[in-house]
Amino acid sequence: MERNIMKELTAWRNKKAGRMPLILHGVRQAGKTYILRELGERCFKNCVYVNFERMEVISGFFEGELNPDRLIRLLEEYFSVKIVPDETLIIFDEIQACERALTSLKYFQEEAPEYHVAAAGSLLGVAINREKYSFPVGKVVMKTLYPFGFDEFLQAMGQGHLVMLIREHYEKREEMPDIVHKELLIWYRRYLATGGMPAVIKEYREEKSRINVPEVQTLILNAYAADMAKYTSDSESTKIRNAFYSMPAQLAKENRKFQYKLIRKGATAGLFGDSIAWLVFSGTVLQCDRITRGEIPLSAFRDVSAFKLYLSDVGLLAAFANIPAESIMRDEISDLFRGALAENYVAQALKTGGYQLYYWTSDTPAAEGDFVIQKEGKVLPVEVKSGENTHARSLKHYRKLYEPKLAIRLSEKNFGYEDGGFAVPLYAAFCI
């Protein structure tokens, strides 16, 4: 199953001058190991794969001097393979389990840049932020792998021609033929139910059925909960799990601002702030911060006291809320949660596209914009509507205040222009 990030990884492989070791991080089970192994098969003659969670003996190699030549020699002896510069890919998987291996990347960059070293870590963000790791700042290239976006999902399902069609109509801002538009809305709903986790898509594609999809999604959610217990103390893990389990309730309301009281009675930021940070750093949730002004730079107007959280994968959110796929396909779910799924889907698409997530509010009059992004030196408001009703009073108020060059309204309507805004079908969110 092809991933968009492969182009970036191939460019890293082919870079000659100034190449640094690569760290690929992201939420667990997003496909980091698979994509690095795929890179090894496609672009190198051979590959040396080290998993620090499973191969404790190799962690011992890093207890001595972190000299790249010494480490290469030890790896060659252990795997009985010759490691040749520009021909061998060295993969350090689950690198957060070996702090010294993480530190060694600095010396590979400084003393042996001719070797291709790629590391992966599911909970790397947590390890770096919660432990005193000697992180090789400025010595590595950091890339994030997210779950499959809608475009990658279509490609995986053999519908690559539809991706090209969506991009073409988005760029030309032309209406999609009605029959294709309706077909794409069906695929969009399939994606809401399936999501972008590789194991789930593989199950759906190979079995040509969604019967076992919820089971696979539940296994992934259980694995996330297991990580919370494995990598934190008992008291911390309980708080993290409580915050995590509140996610469906957090999104199943008109105002999707995160509310601590929905975790449990008496919950506060002081009690659960670190738990939220764990979920964010692990990639399990996506944080969308409130801003008070729609002006550049958006980060200057961030309100640290208010934020929204979305799940890293919209399909997992549907499974978490126990929504049958048939109910999504037939549009037989609560309007509030239909809106929650649409917002989560858009948050995922924007984050995957490289945007920092913000939303905007105004007190007088009371108004809220779903998303505001900074693109090519401009501020762009993005409104999300789950159906065809695109009345958006808040967006009008925002446009009156800040006069953006372009405003996007995502809904189930076809491409077009409405009230000075660009109407974009939800299935084209990845184009933004």
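Residues numbered from 1 in each chain as written. Predicted model: local features only at pLDDT ≥ 70, side-chain atom pairs only at ≥ 80, totals over all residues. Heavy atoms only, no water.

To continue, consider the packing of helix α4 (residues 68-79) against helix α5 (residues 99-111). Where α4 meets α5, the axes come as close as 9 Å, and the angle between the chain directions of the two elements is 110°. As summarised for this structure, α4 and α5 are arranged roughly perpendicular, according to the angle between their axes. Contact residues: Pro68, Leu71 and Ile72 in α4; Ser104, Tyr107, Phe108 and Glu111 in α5. For the contact of α4 with α5, a count of residues per class yields five nonpolar, one polar and one charged. (Axes fitted to C-alpha atoms, helices over the stretch in contact; angles between N-to-C directions. Helix = DSSP H or I, 4+ residues; strand = E, 2+ residues; numbered from the N terminus. Parallel < 35°, antiparallel > 145°, perpendicular 65-115°, else oblique. Contact = heavy atoms within 4.5 Å. Nonpolar A, V, L, I, M, F, W, Y, C, P; charged D, E, K, R; others polar.)

Summarising the element assignment, Trp360 is placed in strand β8 (residues 358-362). Under the relative-accessibility criterion, Trp360 is labelled buried at 1%. Counting along the chain gives 203 residues from Trp360 to Met157, while the straight-line C-alpha distance between them is 36 Å. (Buried < 20%, exposed > 50% of the residue type's maximum accessible area, 1.4 Å probe, protein only.)

Our focus in this paragraph is the pattern of salt bridges. Enumeration over the complete set of coordinates arrives at 29 salt bridges. The residue Arg13 makes a salt bridge to Asp86 at a minimum N-O spacing of 3.0 Å. Residue Arg13 is found in helix α1 (residues 6-14), and its partner Asp86 is found in the loop between α4 and β3 (88-93); the two are separated by 73 residues along the sequence. For Lys308, the salt bridge identified is with Glu343, shortest N-O distance 3.8 Å. One end of the pair, Lys308, is in strand β7 (residues 302-311); the other, Glu343, is in helix α17 (residues 335-352), with 35 residues separating them in the sequence. Each of Arg256, Lys308, Glu343 and Glu368 takes part in a single network of salt bridges with overlapping partners. (Salt bridge = Lys/Arg side-chain N within 4 Å of Asp/Glu carboxyl O.)

Judged by side-chain charge, Glu65, Asp69, Glu111 and Glu114 come together as a negatively charged surface patch. Position of Glu111 relative to the elements: it lies in helix α5. (Patch = residues over 30% accessible without salt bridge, like charges linked within 9 Å, V, L, I, M, F, W, Y side chains within 5 Å. Areas by Shrake-Rupley, 256 points an atom, 1.4 Å probe, with all protein chains shown as cover. Lys, Arg positive; Asp, Glu negative; His and termini not counted. Charge placed at Lys NZ, Arg CZ, Asp CG, Glu CD.)

Attention shifts here to the sheet that holds β7. Read across the open sheet, the four strands follow the order β7-β6-β8-β9; overall the sheet is mixed. In this open sheet, the two edge strands, each paired with only one partner strand, are β7 and β9 (367-369). Each strand of the sheet is rotated relative to its neighbour by a mean of 25°, with strand direction disregarded. Two strands pair when backbone bridges link them, and strand β6 (residues 285-291) and β8 are joined in this way by three bridges, in the parallel orientation. Its bridge partner lying in β8, Ile291 is registered against Trp360. The strands touched by helix α18 (residues 393-402) within the sheet are β8 and β9, with β8 carrying the most contacts at an inclination of about 85°. (Pairing = 2+ DSSP bridges.)

Attention now goes to the packing of aromatic side chains. How two aromatic rings sit relative to each other is given by the distance of their centres and the angle of their planes. With the rule as written, the count across this model stands at 26 aromatic pairs. Arranged with centres 5.0 Å apart and planes meeting at 70°, the rings of Tyr188 and Tyr345 form a pair that is edge-to-face. Highlighted residues: Tyr188 in helix α9 (residues 178-194) and Tyr345 in helix α17, separated in sequence by 157 residues. Here Tyr188 and Tyr345 have matching classes, each one buried. Measuring from ring centre to ring centre gives 5.9 Å for Tyr310 and Phe371, while their planes differ by 40°; the resulting arrangement is tilted. With a gap of 61 residues between them, Tyr310 in strand β7 and Phe371 in strand β10 (residues 371-375) connect regions that are remote in the sequence. The exposure classification of Tyr310 matches that of Phe371, with both residues buried. Each member of the aromatic cluster is reached from another via a ring pair, and the members are Phe150, Phe153, Trp187, Tyr188, Tyr191 and Tyr345. (Phe/Tyr/Trp six-rings, centres within 6.5 Å; stacked < 30°, edge-to-face > 60°.)

Moving on: empty space enclosed by the protein. The method is simple in principle: a probe with the dimensions of a water molecule rolls over the atoms, and the space it marks as empty is what remains. All told, the structure shown has four cavities of 30 Å³ or more when counted by the stated rule. Size it by volume and the largest cavity reaches roughly 80 Å³. If you list the elements that add at least two residues to the lining of the largest cavity, you get α9 and α17. No other element matches α9, which puts three residues into the lining of the largest cavity. Class assignment of the residues belonging to the lining of the largest cavity gives a composition of five nonpolar, one polar and four charged. Counted as a void, the second largest cavity has a volume near 60 Å³. In this structure, the second largest cavity is lined by Phe148, Gly149, Phe150, Tyr191, Tyr345, Gln348, Ala349 and Thr352. The leading source of residues in the lining of the second largest cavity is α17, at four residues. (1 Å grid on protein atoms, 1.4 Å probe; cavity = no way out; pocket = protein on both sides within 12 Å on 5 of 7 lines; lining within 4 Å. Points joined across faces, edges and corners; volume = space filled by probe spheres on them.)

Over its 17 residues, α9 extends 24 Å from the first C-alpha to the last, a length consistent with the 24 Å expected when each residue adds 1.5 Å. Of all the positions in α9, only Val180, His181, Leu184, Leu185, Trp187, Tyr188, Arg189, Tyr191, Leu192, Ala193 and Thr194 are classed as buried. Where α9 terminates, the next one or two residues include Gly195, which has phi positive at roughly 80°. (Expected span 1.5 Å × (residues − 1).)

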